[in-house]
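Secondary and tertiary structure notes
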Amino acid sequence: MMANRFKGEVDIDCEGSRYTLRMDMLALAAFEDATGENALSWAEAAEGGQAAVGDMIEMIRCTLARHHPEADYRLAGDILSEDPGVLLRLFRAASPELAETEDEPEDGPGKPLPAPAAG
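Model, not experiment: these values are computed from the prediction. Residue numbering note: each chain is counted from 1, following its sequence as written. Per-residue local features of the predicted model are confined to residues with pLDDT of at least 70, and side-chain atom pairs are confined, for both listing and counting, to 80 or more; whole-chain, interface and lining totals are unaffected and use all residues. Note that the side-chain values use all heavy atoms of the structure and ignore hydrogens as well as water.

A closer look at the packing of aromatic side chains
Pairs were defined over the aromatic rings of Phe, Tyr and Trp, the Trp ring being its six-membered one, requiring ring centres within 6.5 Å. Orientation was assigned from the angle between planes: stacked under 30 degrees, edge-to-face over 60, tilted for the rest. The final tally for this structure, using the stated rule, is two aromatic pairs. Each ring, one from F6 and one from F91, has its centre 6.3 Å from the other, and the planes form 50°; the classification is tilted. Taken as a pair, F6 in the segment before strand 1 (7-14) and F91 in helix 5 (residues 86-94) lie far apart in primary sequence, 85 residues in all. For the pair F6 and F91, one class covers both residues: buried. Note on F31 and W42: the rings are 4.9 Å apart at their centroids and 45° apart in plane angle, and the pair reads as tilted. In this pair, F31 is assigned in helix 1 (residues 25-35) and W42 in helix 2 (residues 39-47), connecting sequence segments eleven residues apart. Like F31, the residue W42 is buried in the burial classification. Secondary structure counts use DSSP, requiring at least four H or I residues in a row for a helix and at least two E residues in a row for a strand, with both numbered from the N terminus. Classification of residues uses two cut-offs on accessible area relative to the type maximum, computed with a 1.4 Å probe and protein chains only: under 20% is buried, over 50% is exposed, and between them is partly exposed.

Have a look at this one:
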């Protein structure tokens, strides 16, 4: 999953406010600290539909921290509810080389990750 660089941002509007989410190594490290999971392995599993909703929300919270350090779990959940495809776009923004090697999903760039696993 790792390429020459790993850093990208996505802007999203949620409930009348604009937020910038940043996917980078600091966000991955924060996710690992919060969950105890390997973030890169988790991301690969998430693409295959094996991500719990709580972990997805936590990843969004971690990507908010750079530009919105006050962001909490509730805001992250609201953002994910508003735009379920944001995680996939974040990973693609962080690793354009990866996105170029993949076929474009049928539903376009906003296609959400597969449904989360129970748990």
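Once you've had a look at it, read on.
Examining the pattern of salt bridges
Salt bridge, as used here, is a side-chain nitrogen of Lys or Arg placed within 4 Å of a carboxyl oxygen of Asp or Glu. Applying the stated rule across the entire model yields six salt bridges. Put simply, D11 and R18 hold a salt bridge, and the shortest N to O gap is 4.0 Å. Taking the relative accessible area as the measure of exposure, D11 reaches 41% and is therefore partly exposed. R18 is the salt-bridge partner of D13, the closest N and O atoms lying 2.9 Å from each other. In this structure, a network of salt bridges that share partners links the residues E9, R22 and D24.

Details of the pairing of strand 1
Only one face of strand 1 is buried, namely the one carrying G8, V10, I12 and C14, since none of K7, E9, D11 and D13 on the opposite face is buried. Here, any two strands with at least 2 DSSP bridges between them count as paired. With eight bridges connecting them, strand 1 and strand 2 (residues 17-24) associate as antiparallel partners. Looking across to strand 2, one finds that K7 is bridged to D24. A loop of two residues connects strand 1 with strand 2, the two strands running antiparallel in sequence, and E15 in this loop sits at a positive phi of about 50°.

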